[in-house]
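# Residue-level structural notes
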Amino acid sequence: MVRREFLGVMGATLATSFANADEVISNDVWLRDDQKASFVSVIKKLNNIEKIVGYGKYNLLPFDEALKIAKNHPKMEAFTKAELAYIEEVFYADPIIYGFHGKRVCDSLTTAINEKDVIKISNTGHYLFRGHSHDSLNRIIKDVGNSLVLTSGVRSIVKQLSLHLEKIQSENGNITIACRSLVPPAYSYHSNGDFDVGKKGWGHQNFTANFARTEEFWSLQKLPYISMRYTIGNSDGVRFEPWHVKIV
Ligand SMILES: [Zn+2]
């Protein structure tokens, strides 16, 4: 509860300073009122689809397949026109308006991952592309040790869409802040080779800057054959992600 009290004091201090400022300028982009209904119902439908196909398979699920499940499953309803229009807007909008400057890595909402191109990594629920990604993980684990694990591998557009929308939700509708950690679905390098690693048993901590304090991270840094995608102050506008391994 100490932390809560600390934040309480911080909040009060911020509120006072805002009250004293003539104007609070923020360029952050927020979820619009006209998007809210579709936003909520799309998240709900995607959650149901994930439950139906299972956590592992959801990482690979193509968009067309997700639509079919919603349409045909007895406990679901097809995506509405408004929901589809919202999803398209999320996919095709240029995220530069959210302060994200990364490259688009996927052109079409219906781009699918070929299951023959990926391999399931046991005990993780995740997949990696065969070849360079998979070989790199094996080499990393050999060099760093078994305490290093894969925490996120290949992500389909549907999976990244879910993660992105859930992040907007947890940021109370602030799309700009959400994009600093979970980029829109056409912009994730998880769709073509990058992956995340962490310390075994560390759970959510692996996705915080604390990962940079682990021995695993320091061993990782010494490896000449890999690099970090999102370094401190990266030009994409993404937060520091010491766990995200750049492959492509
Ligand atoms: Zn990542």
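Placed above this text is the structure.
A brief report on the enclosed structure follows. (Residues numbered from 1 in each chain as written. Predicted model: local features only at pLDDT ≥ 70, side-chain atom pairs only at ≥ 80, totals over all residues.)

Grouped together as the largest cluster of nonpolar side chains are 45 residues, with contacts concentrated most on Leu161, Phe195 and Val197. Considering every element that reaches this core, the biggest residue donor is helix 7 (residues 157–170), with five residues. With residues up to four places along the chain from it excluded, the contact list for Val197 reads Ile140, Leu148, Val149, Leu150, Thr151, Trp243 and Val245. (Core = buried A, V, L, I, M, F, W, Y, C linked by C-beta atoms within 7 Å. Buried ≥ 20, exposed ≤ 12 C-beta atoms within 10 Å, placed from the backbone. Helix = DSSP H or I, 4+ residues; strand = E, 2+ residues; numbered from the N terminus. Contact = placed C-beta atoms within 7 Å.)

Spatial strand order, 3-4-6-5: four strands in an open sheet with antiparallel pairing. Either end of the sheet is taken by a strand with one partner, and the two such strands are strand 3 (148–152) and strand 5 (227–230). Going across the sheet, the axis of each strand differs from the next one's by a mean of 55 degrees, ignoring polarity. Both strand 5 and strand 6 (residues 241–246) contribute to a ladder of three bridges, which runs antiparallel. Paired with Tyr230 across the bridge in strand 6 is Glu241. The strands that helix 6 (residues 132–144) touches are strand 3 and strand 4 (195–199); relative to strand 3, the one it contacts most, it runs at about 145 degrees. (Pairing = 2+ DSSP bridges. Axes fitted to C-alpha atoms, helices over the stretch in contact; angles between N-to-C directions.)

With that out of the way, let us pick up the packing of helix 2 (residues 33–53) against helix 7. Any two packed helices are characterised by how steeply their axes cross, that is the angle between the axes, and by the distance between the axes. Interaxial distance between helix 2 and helix 7 falls to 10 Å at its minimum, and their mutual angle equals 130 degrees. In this view, helix 2 runs oblique relative to helix 7, as classed from their interaxial angle. Of the two elements, helix 2 crosses helix 7, and the hand of that crossing is left-handed. Note on element contacts: helix 7 touches helix 2 through Val158, Leu161, Ser162, Leu165, Glu166 and Gln169, opposite Phe39, Val42, Ile43, Leu46 and Glu50. Class assignment of the residues belonging to the contact of helix 2 with helix 7 gives a composition of seven nonpolar, two polar and two charged. (Parallel < 35°, antiparallel > 145°, perpendicular 65-115°, else oblique. Left-handed = near helix turned anticlockwise from the far one by under 90°. Nonpolar A, V, L, I, M, F, W, Y, C, P; charged D, E, K, R; others polar.)

Looking now at helix 7. Across its 14 residues, helix 7 extends 20 Å between first and last C-alpha, which sits within 8% of the 20 Å expected from 1.5 Å per residue. The complete set of buried residues in helix 7 reads Ile157, Val158, Lys159, Gln160, Leu161, Ser162, His164, Leu165 and Ile168. Taken together, the buried residues of helix 7 touch helix 2, helix 3 (55–58), helix 4 (63–72), helix 5 (81–92) and helix 8 (175–179). (Expected span 1.5 Å × (residues − 1).)

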